[in-house]
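Here is how the chains run, residue by residue.
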Amino acid sequence: MRTLLLALFIGPAQVLFAQPSGQRYTAEEYIALWKPVALEKMKQHGIPASITLAQGLLESGNGNSELAREGNNHFGIKCTPDWTGGKVYHDDDKKDDCFRKYKNAEQSFEDHSNFLRRKRYAGLFELKITDYRGWAKGLKAAGYATDPKYPEKLINLIEKYELNRLDEGKEWAYNKSASEPKEPAKSSGRKGRAKEDASNTVTIGAGRAVDKFEGRIKYVVAKKGDTVRKIAEDIEQMPGLVAGWNDLSKDSPLSEGQRVYIQPKRNKSKSAEVHRAEAGETLWGVSQRYGVKLKKLAQYNQLPEDARLQAGQQVWLRKPRK
């Protein structure tokens, strides 16, 4: 929270810090943090601040995605042949897709603006700065995203958080209480804000019960016929992010009762140091069981990510002691 309060009192050109380890932002905190930068880019480049912030919220999971944390990439912009900057690799449309990596997050916002100044997006700048709906639909039409519901998701975020006020020159005030449940409530069966009941069980609007593994990593349980894409749609998130958080492809089949994380797994286990493999177990299965990133387990144990384990095999769940 100290980082957020600091950002509210400094100029946008000074917001160059990296996100503190372990700190997770709500949507309101993300907006308050990056609103000055989005407004500055709107003034410099003519891109609605509402669109910039909505894309940042959606593409980076409120700035909490692994890509945002490791690469300061808030807009999911991939490497192109003319890109000479840093690179970071994550599974998206294909395994180990190349994404741009920045020295700080503000560079990501500037590159996002420059990216949209390309010829393919030229038609967007003929729209009024207040036409956020036209911009959202135009981004999809120009090929920014493959998700057919991309415009709808941007528009929902803009209207939910009233980001269009910024395009109109009005003030947007950070209100912490807006992100907190006012009273216990059950799911209405509609998509939207998550609600919390008296037992602290969170339910997403589409009827998805959200639990926490070891009290720290949010997940949902797959239902019969579920897919990564279906779960991503229900939680209003990008399929590539949900797939990446679970070391799966966007089209991977899911088993009924399977745990599906809806935020990044951790670098090490909280509850155990070593796991003894069961017959037929895979390294990926251990990763899901303990909520540890697959690539970290592979490093700790000097195994390939698709390794099949022998019964009784020792698997380190954190960096081995020397």
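Conventions we followed
Residues numbered from 1 in each chain as written. Predicted model: local features only at pLDDT ≥ 70, side-chain atom pairs only at ≥ 80, totals over all residues. Heavy atoms only, no water. Helix = DSSP H or I, 4+ residues; strand = E, 2+ residues; numbered from the N terminus. Buried < 20%, exposed > 50% of the residue type's maximum accessible area, 1.4 Å probe, protein only. Contact = heavy atoms within 4.5 Å. Areas by Shrake-Rupley, 256 points an atom, 1.4 Å probe, with all protein chains shown as cover. Polar contact = N/O pair within 3.5 Å; in protein donor to acceptor, adjacent residues only side chain to side chain. Axes fitted to C-alpha atoms, helices over the stretch in contact; angles between N-to-C directions. Parallel < 35°, antiparallel > 145°, perpendicular 65-115°, else oblique. Left-handed = near helix turned anticlockwise from the far one by under 90°. Phe/Tyr/Trp six-rings, centres within 6.5 Å; stacked < 30°, edge-to-face > 60°. Lys NZ or Arg CZ within 6 Å of the ring centre and 35° of its normal. Disulfide = S-S within 2.5 Å. Pairing = 2+ DSSP bridges. Salt bridge = Lys/Arg side-chain N within 4 Å of Asp/Glu carboxyl O. Core = buried A, V, L, I, M, F, W, Y, C linked by side-chain atoms within 4.5 Å.

K.L.:
Even after reading the chapter, I still don't get the overall build of the protein, so can you show me in this structure?
P.N.:
Secondary structure assignment for the protein yields twelve helices and nine strands. A buried classification covers 47% of the 322 residues belonging to the protein. Across the protein, the fraction of contacts at a sequence separation of at least 24, relative to all contacts at a separation of at least 6, is 56%. Accessible surface, the protein as shown: approximately 16,500 Å² in total, 49% of it carbon and sulfur.

K.L.:
So what exactly am I meant to see when it comes to the environment of His74 here?
P.N.:
Position of His74 among the secondary structure elements: in the loop between α4 (66–71) and β1 (86–90). Considered as a pair, His74 and Tyr102 are 28 residues apart in the sequence and their alpha carbons are 9.8 Å apart. Those residues within four positions of His74 in sequence are excluded, and the remaining contacts are Tyr30, Trp34, Gln55, Gly56, Glu59, Ser60, Gly63, Ala68, Ala105, Ser108 and Phe109. One polar contact links His74 to Tyr30, side chain to side chain, over a distance of 2.8 Å.

K.L.:
Would you mind showing me how to read the packing of helix α2 (residues 27–45) against helix α3 (residues 49–60) here?
P.N.:
Between two packed helices, what matters for the description is the angle formed by their axes and the separation of those axes. Look at α2 against α3: their axes get within 9 Å of each other, and the N-to-C directions meet at 135 degrees. Relative to α3, α2 is oriented oblique. Note that α2 runs across α3; the crossing there is right-handed. When α2 is examined against α3, the residues Ala27, Tyr30, Ile31, Trp34, Lys35, Ala38, Leu39 and Met42 are found in contact with a partner set consisting of Ala49, Thr52, Leu53, Gly56, Leu57 and Ser60.

K.L.:
Looking at this model, I keep getting lost on the environment of Ala277. Mind explaining?
P.N.:
Locating Ala277 in the fold gives a position in the loop between β8 (274–276) and α11 (283–290). Separated by 38 residues in sequence, Ala277 and Val315 place their C-alpha atoms 7.0 Å apart. If we ignore the near neighbours within four places in the chain, the residues touching Ala277 are Leu309, Gln310, Ala311, Gly312 and Gln313.

K.L.:
For this particular structure, what's the right way to read the packing of aromatic side chains?
P.N.:
Both the distance between ring centres and the angle between the ring planes are used here to describe each pair of aromatic rings. Within the structure shown, the criterion is met by ten aromatic pairs. Aromatic side chains Tyr144 and Tyr150 sit 6.1 Å apart centroid to centroid with 25 degrees between the ring planes, which places their arrangement in the stacked category. A ring pair is formed by Tyr219 and Tyr261, whose centres lie 6.3 Å apart and whose planes are at 75 degrees; its orientation type is edge-to-face. Here Tyr219 is found in strand β6 (residues 217–221), whereas its partner Tyr261 is found in strand β7 (residues 259–261), with 42 residues between them in sequence. Judged on exposure class, the residue Tyr219 and its partner Tyr261 are both buried. Of the aromatic side chains, those joined through ring pairs into one cluster are Phe115, Tyr121, Tyr144 and Tyr150. It is Arg117 that lies over the ring of Phe125; its NZ or CZ is 4.2 Å from the centre.

K.L.:
So what exactly am I meant to see when it comes to the state of the cysteines here?
P.N.:
Two cysteines joined by a covalent bond between their sulfur atoms form a disulfide. Within this structure, the stated rule accounts for one disulfide. Disulfide pairing is shown between Cys79 and Cys98; the S-S distance is 2.0 Å. Judged by the torsion about the S-S bond (-65 degrees), the Cys79/Cys98 disulfide is left-handed. Of the two residues, Cys79 sits in the loop between α4 and β1 while Cys98 sits in strand β2 (residues 97–101), which places them 19 residues apart along the sequence.

K.L.:
Looking at this structure, I do not really get the side chain of Arg100. What am I missing?
P.N.:
Structurally, Arg100 is set in strand β2. Among the polar contacts listed, one links the side chain of Arg100 to the side chain of Asp111, at a separation of 2.8 Å.

K.L.:
Teacher, can you tell me more about the pairing of strand β5 (residues 208–213) here?
P.N.:
In regular strands, side chains alternate between the two faces of the sheet. Alignment of β5 against β6, held across three bridges, turns out to be antiparallel. Note on β6: the bridge partner recorded for Lys212 is Lys218. Connecting the antiparallel pair β5 and β6 is a turn made up of three residues, with Glu214 showing a positive phi of about 55 degrees.

K.L.:
Looking at this structure, how should I read the pattern of salt bridges?
P.N.:
Close approach of charged atoms allows side chains with opposite charge to pair. This structure, assessed with the given rule, holds 20 salt bridges. With a shortest N-O distance of 2.8 Å, Arg100 and Asp111 are connected by a salt bridge. Here the residue Arg100 occupies a position in strand β2, and Asp111 occupies one in helix α5 (residues 105–116), the gap between them amounting to eleven residues. Taking relative accessible area as the criterion, Arg100 reaches 3% and is therefore assigned buried. One salt bridge connects Arg229 with Asp251, and the closest N-O pair in it is separated by 3.0 Å. Note that Arg229 is positioned in helix α9 (residues 228–234) and Asp251 in the loop between α10 (239–245) and β7, a separation of 22 residues in sequence. With a relative accessible area of 58%, Asp251 lands in the exposed category. When salt bridges with common partners are traced through the structure, they connect Glu66, Glu70, Lys293 and Lys295 into a single cluster.

K.L.:
In this structure, what is going on with the nonpolar core? I would like to understand it.
P.N.:
Generally speaking, nonpolar side chains in soluble globular proteins are found buried as a group. Grouped together as the largest cluster of nonpolar side chains are 59 residues, with contacts concentrated most on Trp34, Leu57, Tyr121, Leu139, Tyr144 and Leu163. The dominant element in this core, judged by the number of residues it contributes, is α2, at nine residues. When neighbours within four sequence positions are excluded, Leu57 is seen to be in contact with Ala27, Tyr30, Ile31, Asn62, Leu157, Tyr161 and Leu163. Within the second largest apolar cluster, 14 residues are counted, among which are Ala277, Leu294, Leu297 and Val315.

None of this, on its own, says anything about what the molecule does.
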